[in-house]
Protein chains: 2
Amino acid sequence: MAKTTQRTERRTDALSKERIVEAAIEILDKGGEGALTFRALAARLATGAGAIYWHVTDKNELLAMATDDVIARVMLVREAKPREAIRAIALGLFDAIEAHPWAGAQLSRAPWQSAVGEIFESIGSQLDALGVAEQAQLDVASALVHYILGCAGQNAANATNARLLPPGTDRAAFLATIIARWTQRDPAGFPFLHKMASRFRDHDDRAQFLAGIDLILAGAGTADKN
Amino acid sequence: MAKTTQRTERRTDALSKERIVEAAIEILDKGGEGALTFRALAARLATGAGAIYWHVTDKNELLAMATDDVIARVMLVREAKPREAIRAIALGLFDAIEAHPWAGAQLSRAPWQSAVGEIFESIGSQLDALGVAEQAQLDVASALVHYILGCAGQNAANATNARLLPPGTDRAAFLATIIARWTQRDPAGFPFLHKMASRFRDHDDRAQFLAGIDLILAGAGTADKN
DNA sequence: ACCTGAACACCGTTCAAGT
DNA sequence: ACCTGAACACCGTTCAAGT
């Protein structure tokens, strides 16, 4: 009989950190950061708002766990050649953040939590094999991580803002609008941006992101292809 | 008589965008981003919360204007040598964000507004004189700006978090704590961080920031000192 | 041990009403 | 034109009360 089920057996629909984070990610992916509310989360989990606090400390922990969940998968990349490993990690992060912009925002907002330690480690550990001198490794790893976090935040901001534009507006058009605004505010005052405007229009975000990685690696004196 | 003052004459304490932004900056500097509230702002200006909306669209515009105000001063730097100009701009931004962490957060959160256009321009316009090929200039400027924004966000996050620690804890100790947490979670899993731990402990944020700028410039093939 | 849901102390923003 | 301040529609978080 139903009443004789052991007490230690859990209802399959019982709450748990995992189920909560999973639901949070779904809400974040569908509605963006603003959509994640304890009330919305409780509704989706068919429970009360307070129940979530039994499993999770606060909203910050919730966001950190969701970000970890989405970023950790990227860190599994294994490439033999160190340069390719770094590029693969960087591109993996780029793609993950493109798919989950809120994770990019969280990463650049609370870097000491979440997966930034893993990112630092997996990039830094390639530098020996790349031939970067040990006393330069911290500077190079730090530059790479900061650059990646900067792009992550940017990407998240773009995604958030694109949401507010008339739907159908793609990224290139969005960037073009920004450049146009800057340039038109004072055409003579922005000669560089004016000169770069056309290049901006048809540039590839992903390729440009990778160019930055290569630039830093080149600066580290690793011009040879390892 | 007081009653005969012309109607066009303004009370010296009348509200204005300038006064509102000024008060907002004071609140932000003293209490951090969480302290800036329309109610707190209204109280400081001895007015009603709704009055502020007559001069300012919303909180986002308020933060953008405050950030612009604090960042714009940095852009005035004029250096003859292009490399020194870029370093001066970067360091100026670093210092400004250290003094006003909330501006760093805003910069990396809403880059298309505020002073990011000016930053892009003032850095990019130096690249010609630095000898960077024109087709590489967008990549280099973009890498520099993204790197700077990444550091800005990081810096803001550190400042926000340091506020929560027991007072007196300095930055170095804070970073050491983070590294320790990462390393101790799984010592064998973080060989690179473990190796770098001592270097982290006594590193100079400012110097490391500048090292990243130099790394990118070196990668752009501008090793000679212009 | 785990969950419920009302209640608390806030927010940003609006708006009828004043001067 | 500019300001007031109550009101609205939300938040995150807490907590007595249930099972």
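Residues numbered from 1 in each chain as written. Chains lettered and ligands numbered in written order. Predicted model: local features only at pLDDT ≥ 70, side-chain atom pairs only at ≥ 80, totals over all residues. Heavy atoms only, no water.

As recorded in an unreviewed UniProt entry, chain A goes by the name TetR family transcriptional regulator, listed as coming from Mesorhizobium neociceri.

A. Up close: the UniProt feature "domain: HTH tetR-type" (unreviewed entry) in chain A. Per the UniProt record, the feature "domain: HTH tetR-type" (unreviewed entry) sits at residues 14–74 of chain A. In residues 14–74 of chain A, helix accounts for 70% and strand for 0%; the two terminal C-alpha atoms are 29 Å from one another. (UniProt positions renumbered as here; feature names shortened; annotations may be inferred. Helix = DSSP H or I, 4+ residues; strand = E, 2+ residues; numbered from the N terminus.)

B. Quick look at the confidence of the model for chain A. Residue and element names in this part refer to chain A. Looking at chain A as a whole, its pLDDT mean stands at 87, while 89% of the residues score no less than 70. Mean pLDDT across the secondary structure elements of chain A bottoms out at helix H10 (residues 171–185), with 78, and peaks at helix H2 (residues 38–44), with 98. Contacts of residues 1–11 to residues separated by more than four positions or lying in other chains number 0 contacts, the stretch itself having pLDDT below 50. (pLDDT = per-residue confidence, 0-100. Contact = heavy atoms within 4.5 Å.)

C. How the structure looks around the protein's contact with DNA strand D. Neighbouring residues of DNA strand D: 17 residues in total, closest Arg39(A), Tyr53(A), Lys59(A), Thr47(B) and His55(B). In DNA strand D, the atoms that sit within 4 Å of the protein are 51% sugar and phosphate, with bases accounting for the remainder. Those elements that place two or more of their residues in the surface near DNA strand D are H2 and helix H3 (49–55) of chain A together with helix H3 (49–55) of chain B. Of the residues assigned to the surface near DNA strand D, the class counts are 6 nonpolar, 6 polar and 5 charged. (Near = heavy atom within 4 Å. Nonpolar A, V, L, I, M, F, W, Y, C, P; charged D, E, K, R; others polar.)

D. Here's a closer look at the relation of the copies chain B and chain A. With an RMSD of 0.0 Å, the fit of chain B onto chain A corresponds to turning through 180° and sliding 0.0 Å along the axis. On the angle and the small slide along the axis, the relation comes out as a two-fold axis. Counting the interface residues of chain B, we find that 100% of their copies in chain A are interface residues as well, pointing to one common contact surface. (Least-squares fit on C-alpha atoms with pLDDT ≥ 70 in both.)

E. Quick peek at the interface of chain B and chain A. On the side of chain A, 52 residues touch chain B, which itself brings 52 residues to the contact. Summed over both sides, the interface of chain B with chain A buries roughly 4700 Å², with 64% coming from carbon and sulfur. Looking only at chain B, the three residues that lose the most surface to chain A are Trp112(B), Leu138(B) and Phe192(B), adding up to 17% of its buried area. At the boundary of chain B with chain A, the tally comes to 4 salt bridges. The tally of links from chain B across to chain A stands at 11 residue pairs in polar contact (both at pLDDT 80 or more). Examining the composition of the side of chain B that touches chain A, we find that 19 residues originate from one element, helix H9 (residues 134–162) of chain B, more than from any other. Along the lines of polarity and charge, the residues of the side of chain B that touches chain A split into 25 nonpolar, 17 polar and 10 charged. (Buried area = accessible area lost by both parts, 1.4 Å probe. Salt bridge = Lys/Arg side-chain N within 4 Å of Asp/Glu carboxyl O. Polar contact = N/O pair within 3.5 Å; in protein donor to acceptor, adjacent residues only side chain to side chain.)

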